[in-house]
Amino acid sequence: MSQATSTNARDRVTDTLDRAAGAIEQRFEIDLRALAAFRIAVGTLLIVDLLLRSRSLTAFYTDNGVLPREALFSDYSSVYSLHAISGEAWAQILLFFVAGVFAFAVLVGYRTRLATIVSWLLLISLHVRNPMILNGGDIMLRMLLLWGVFLPLGERWSIDARRIERDRVTVSSVGTMAVLTQVLLMYATNAIHKSRSDAWMSGNAVVEIFQADQFTILLGNAIADQVPLLRAFTHLWMVLILLSPLLIVLVGYRRAVFASLFVSMHLGMFVTIQVGLFPLISVAGLLLFYPSAVWDDLTAIATRVGITPRLHGGLIRLQRDFPQFSLPLLRSVREIVPSPAAITSRGRVLFSTVVPWLFLVLVVLANAQAVDYTEVPDPAEQVLETAHAEQSWRMFAPNPISNARWLVVPGELEDGTETDVLHGSAVDWDRPPSVDETYETSRWRKYIATMRYTSNENHRSYFANHLCGRWNATHETGVDRLTIYGLTDRAGPSEDPDIAKYELLEYDCSGEFIQND
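Residues numbered from 1 in each chain as written. Predicted model: local features only at pLDDT ≥ 70, side-chain atom pairs only at ≥ 80, totals over all residues. Heavy atoms only, no water.

**Considerations on the packing of aromatic side chains**
- One pass over the structure, following the stated rule, counts 15 aromatic pairs.
- On the basis of an interplanar angle of 80° and a centroid distance of 5.3 Å, the ring pair of Phe258 and Phe262 is categorised as edge-to-face. Taken together, the positions of Phe258 and Phe262, both in helix α14 (residues 252-270) and 4 residues apart, correspond to about one turn of that helix.
- Overall, the relative accessible area of 8% leaves Phe258 in the buried class.
- Ring plane angle 85° and centroid distance 5.1 Å describe the contact between Trp429 and Tyr485, whose orientation is recorded as edge-to-face. Of this pair, Trp429 sits in the loop between β5 (418-420) and α21 (442-453) while Tyr485 sits in strand β6 (residues 479-489), and the two are 56 residues apart along the sequence.
- Put simply, the rings of Phe60, Tyr61, Phe96, Trp444, Tyr447 and Phe463 pair up and form one aromatic cluster.
- Over the ring of Trp200 we find Lys194; its NZ or CZ atom is 4.2 Å from the centre of that ring.
- Across the ring face of Trp429, the terminal group of Lys501 is positioned such that the distance to the ring centre comes to 4.1 Å. (Phe/Tyr/Trp six-rings, centres within 6.5 Å; stacked < 30°, edge-to-face > 60°. Helix = DSSP H or I, 4+ residues; strand = E, 2+ residues; numbered from the N terminus. Buried < 20%, exposed > 50% of the residue type's maximum accessible area, 1.4 Å probe, protein only. Lys NZ or Arg CZ within 6 Å of the ring centre and 35° of its normal.)

**Things to note about the pairing of β6**
- For β6, a buried count of 9 out of 11 residues is recorded, marking the element as mostly surrounded by other parts of the structure.
- Two strands pair when backbone bridges link them, and strand β3 (residues 404-408) and β6 are joined in this way by 5 bridges, in the antiparallel orientation. The residue of β6 that forms the bridge with Val408 is Tyr485.
- Pairing of strand β4 (residues 410-413) with β6, which is carried by 3 bridges, proceeds in the antiparallel orientation. Considered in β6, the bridge of Glu412 is made with Arg481. (Pairing = 2+ DSSP bridges.)

**Notes on the side chain of Ser282**
- With respect to the element layout, Ser282 can be found in helix α15 (residues 278-286).
- Relative accessible area serves as the criterion here: at 3%, Ser282 is assigned to the buried category.
- The residues touching Ser282, leaving out its near neighbours within four places in the chain, are Met186, Tyr187 and His266. (Contact = heavy atoms within 4.5 Å.)

**Overview of unusual backbone geometry**
- A cis amide bond links Ala397 to the next residue, Pro398, at an omega of 0°.
- Locating Pro398 in the fold gives a position in the loop between α20 (378-387) and β3.
- Phi angles above zero are rare outside glycine, and Trp393 is one such case at about 55°.
- Among the structural elements, Trp393 can be located in the loop between α20 and β3.

**Brief notes about a nonpolar patch on the surface**
- A cluster of nonpolar side chains, contributed by Leu298, Ile301, Val305, Ile307 and Leu311, occupies part of the molecular surface with about 450 Å² of accessible area.
- Within the residue set of the nonpolar patch, elements represented by two or more residues are α16 (292-304) and α17 (307-321).
- Within the secondary structure, Val305 is located in the loop between α16 and α17. (Patch = residues over 30% accessible without salt bridge, like charges linked within 9 Å, V, L, I, M, F, W, Y side chains within 5 Å. Areas by Shrake-Rupley, 256 points an atom, 1.4 Å probe, with all protein chains shown as cover. Salt bridge = Lys/Arg side-chain N within 4 Å of Asp/Glu carboxyl O.)

**Thoughts on empty space enclosed by the protein**
- Enumeration over the complete set of coordinates arrives at 2 cavities of 30 Å³ or more.
- By volume, the largest cavity is sized at about 80 Å³.
- Around the largest cavity, the lining residues are Leu46, Asp49, Leu50, Ala99, Ala103, Ser119, Leu122, Leu123 and Leu126.
- Here the lining of the largest cavity gets 4 residues from one element, more than from any other, and that element is helix α6 (residues 112-129).
- For the lining of the largest cavity, the residue count by class is 7 nonpolar, 1 polar and 1 charged.
- In this structure, the second largest cavity is lined by Phe38, Arg39, Val42, Val106, Thr116, Leu144, Leu145, Gly148 and Leu153.
- Of all elements in the fold, only α2 (32-54) and α7 (136-148) reach the threshold of two or more residues within the lining of the second largest cavity.
- Across the lining of the second largest cavity, the residue classes break down as 6 nonpolar, 2 polar and 1 charged. (1 Å grid on protein atoms, 1.4 Å probe; cavity = no way out; pocket = protein on both sides within 12 Å on 5 of 7 lines; lining within 4 Å. Points joined across faces, edges and corners; volume = space filled by probe spheres on them. Nonpolar A, V, L, I, M, F, W, Y, C, P; charged D, E, K, R; others polar.)

**Some thoughts on the environment of Asp296**
- Among the structural elements, Asp296 can be located in helix α16.
- Residue classification places Asp296 among the partly exposed positions, given a relative accessible area of 40%.
- Each C-alpha atom of the pair Asp296 and Arg33 lies 9.5 Å from the other, and the pair is 263 residues apart in sequence.

**Observations concerning the pattern of salt bridges**
- Under the defined criterion, the tally for this structure stands at 15 salt bridges.
- Between Arg443 and Asp138 there is a salt bridge, with its nearest N and O atoms 2.6 Å apart. Within this pair, whereas Arg443 is found in helix α21, its partner Asp138 is found in helix α7, the two being separated by 305 residues in sequence.
- Of the residues examined, Arg443 reaches a relative accessible area of 13% and is grouped as buried.
- Notably, a salt bridge pairs Arg470 with Glu440, separated by 3.0 Å at the nearest N-O pair. In this pair, Arg470 sits in helix α22 (residues 459-474) while Glu440 sits in the loop between β5 and α21, placing the two residues 30 residues apart along the sequence.
- Accessibility expressed as a relative area gives 25% for Arg470, which makes it partly exposed.
- When salt bridges with common partners are traced through the structure, they connect Asp49, Arg53, Asp138 and Arg443 into a single cluster.

**As for the side chain of Ser125**
- Relative to the assigned elements, Ser125 resides in helix α6.
- Ser125 has contacts with Ser81, Leu82 and His83, leaving out every residue within four places of it along the chain.

**Considering the packing of α6 against α7**
- As a packed pair, α6 and α7 sit with axes 9 Å apart at the nearest point and diverge in direction by 155°. Relative to α7, the element α6 is oriented roughly antiparallel. The two elements α6 and α7 cross, and the hand of that crossing is left-handed. Across the interface between the two elements, Thr116, Ser119, Trp120, Leu123, Ile124 and His127 of α6 pack against Asp138, Leu141, Arg142, Leu145, Leu146 and Gly148 of α7. (Axes fitted to C-alpha atoms, helices over the stretch in contact; angles between N-to-C directions. Parallel < 35°, antiparallel > 145°, perpendicular 65-115°, else oblique. Left-handed = near helix turned anticlockwise from the far one by under 90°.)

**Quick notes on the packing of helix α8 (residues 174-195) against helix α12 (residues 227-242)**
- One way to put it is that α8 packs onto α12 with a least axis distance of 8 Å and a crossing angle of 130°. The pairing of α8 with α12 is recorded here as oblique in orientation. The element α8 and its partner α12 pack so that their crossing is left-handed. On the side of α8, the interface is formed by Tyr187, Asn190, Ala191, Lys194 and Ser195, while α12 contributes Trp237, Met238, Ile241 and Leu242.
- When grouped by side-chain class, the residues that make up the contact of α8 with α12 number 6 nonpolar, 2 polar and 1 charged.

Now the structure itself:
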């Protein structure tokens, strides 16, 4: 082989590798404005999540609630949580406030990486304090925060941006690859779970979910009887999640259009079924898939209608004034945690490349294990558990809940009368007109389902004890005894539903707490 031929072959190989590298980089690059919008969305969601959780702060996070620390330490062996240091309400209020301060710092982009790290740690602490009320949205939120630690979230639309030279529009790194892959894994893993279900593949899954009525809200109640429409939504969702790898494969406007289909479906979920903040958290993750061309067009539109100058002026004022009023808490933590500039070159490589690569590999393995494709080695499993990065994405899969489930808790009061101490009303054994309304919040529905079904029989006594204390603290006539019944509508909504009634626990409120073994 001549030298010229050998050189041409090497050139072709090099050219092919360069094009492949460019194609990969293009598919994993993220516009800095998308990262800014993502940061604002995540910061807002953290604050909203704290506000929603605060409605049941005593019930879910104190020793007077459904999961006192004694039960937490007994049933969950590894508990590393600031929220478990004290069982008093004031301690939880203080921690909620601190978390809110750092969430707001994430929102406005002030000391963004520090605020992201602390927000992630505090979110894990909060989740560890009560694992019984967590859902898929909680897992995705803490994973988005984890990947956010390795992303330049503060380079645009932030207070930090005043110190950063704007010499790039997009960023492509291990961190961008990881966060985009994380969103894809949620859909792909869930698609595999659902593809193993006859209900999802036949198009009946959403019909069953809406007829069960324990999730439907707002528009969902109006379309619960529209069977053809719900079947169409089932098929559409299955097609989308099965094709979810296109979120990575496509580029430009085609990717934007495809991501917008997911956004539309999640917004539809938000107004039809009560699954907490999961739809909005998913939308926050999808913002990262919108390419520069979309953000250029949005910027041009905002400029034409006069929004851009006002937003720019507000940002300038925020950059000028906010650091002067930053809380001592932020300044003191900043002194403890070194800034990225203070980290050595070797440390920067470890932080920005090695660590996210390690977590990305482990997260891919965790998702593969969730669908029985492989097993995660024990050391890797320990790392995932320590970072609380385990995930399986079984939302409504493989089989959706197809019947209504609710509780009736008749209690005998001190004056001999009977009342439902859970709902504060007369005891009624009929199917409620709206099963969803029998739950105070989606967190309560999740807790009750966990307590009732998932081998947590011992927690029923904690629930009963909490109901006794709550009733007696708010009523002049106390409750002596109560019985918890779980009811299930096997036939779905009908004039004469077949309701099954199960006695879960009979509990004496007049004595000391009795653990139900």
